[in-house]
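Chains, contacts and geometry: an overview
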Amino acid sequence: MKKIIIIFLFYGCPVFAQWPGYFYTFELKDSLGNIIDSTSKNYIMKTVPADDKDVILGIRICDDNKTWRFYEGGYGDLNKIQKLRIVKTVDEYDEIMIIEFPGTLSGGEQKHYMNLFAGTLIFKRGAYTVKLPEKDAEWDNLKEIKICPDGVNDYSFFDISRFQNSK
């Protein structure tokens, strides 16, 4: 009987696993206020892992063609800062911006990895680290917004945009 139950559970019941990870979403504009989207041919984006462990990174544009979705996942290193390298090429001259995405393990009551909306970031040469709330109360009071649906993943994001221009 045990064999029948095991066979049934193995073949008869589909099992789904949640791949650990989180998303950041953001809009990216140039210094003149123009949206950098999938048609902006002078910009090349490449994810840069913190190290070569089992981390999966990705960047893609959302259906609205103005919001970018940065993904970090895997079975380790979710607490490390991962990077997105953006190269702007103009007349054989490159400007490079590195956006650093810290792990999204929240403070506050629940302490879990959250999907976050960082707001509008402006392309500029150098490094920029996305800022997170510092206090538990700030984590607990984040507004939840719905953006960037893709039919598979959650499209609820917590808005941290107000922290990007502070300090």
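Everything in this summary refers to the structure shown in the same document. (Residues numbered from 1 in each chain as written. Predicted model: local features only at pLDDT ≥ 70, side-chain atom pairs only at ≥ 80, totals over all residues. Heavy atoms only, no water.)

Read across the sheet, six strands follow the order 3-4-1-7-10-9 without closing on themselves; strand pairing throughout is mixed. Because the sheet does not close on itself, it has two edges, and the strands there are strand 3 (55-61) and strand 9 (144-146). Going across the sheet, the axis of each strand differs from the next one's by a mean of 35°, ignoring polarity. (Pairing = 2+ DSSP bridges. Helix = DSSP H or I, 4+ residues; strand = E, 2+ residues; numbered from the N terminus. Axes fitted to C-alpha atoms, helices over the stretch in contact; angles between N-to-C directions.)

In globular proteins that are soluble, nonpolar side chains generally tend to be buried together. Phe26, Leu28 and Ile99 are the most contacted members of the largest nonpolar core, which totals 29 residues. Excluding residues that lie within four positions of it along the chain, Ile99 makes contacts with Phe26, Gln82, Lys83, Leu84, Ile86, Leu121, Tyr128 and Val130. Core analysis: the next-biggest nonpolar cluster, separate from the first, contains seven residues, Phe23, Cys62, Phe117 and Ile145 among them. (Core = buried A, V, L, I, M, F, W, Y, C linked by side-chain atoms within 4.5 Å. Buried < 20%, exposed > 50% of the residue type's maximum accessible area, 1.4 Å probe, protein only. Contact = heavy atoms within 4.5 Å.)

Each pair of aromatic rings is reported with the distance of its centres and the angle of its planes. Across all of its chains, the model carries seven aromatic pairs by this definition. Look at Phe23 and Tyr71: their rings are 4.9 Å apart centre to centre, the planes differ by 45°, and that puts the pair in the tilted class. Remark: Tyr71 occurs in strand 4 (residues 67-74) and Phe23 occurs in strand 1 (residues 21-29); sequence separation between them is 48 residues. We note that Phe23, like Tyr71, is buried. Considering the side-chain rings of Phe26 and Phe101, the 5.8 Å spacing of their centres and the 40° angle between planes classify their relative orientation as tilted. Taken together, the residues span a long stretch of sequence, with Phe26 in strand 1 and Phe101 in strand 6 (residues 93-101) at a distance of 75 residues. Here the aromatic residues Tyr22, Tyr24, Phe26, Phe70, Phe101 and Tyr113 are joined through ring pairs into a cluster of three or more. Positioned above the aromatic ring of Phe23 is the side chain of Arg69, whose terminal nitrogen or guanidinium carbon lies 4.5 Å from the ring centre. (Phe/Tyr/Trp six-rings, centres within 6.5 Å; stacked < 30°, edge-to-face > 60°. Lys NZ or Arg CZ within 6 Å of the ring centre and 35° of its normal.)

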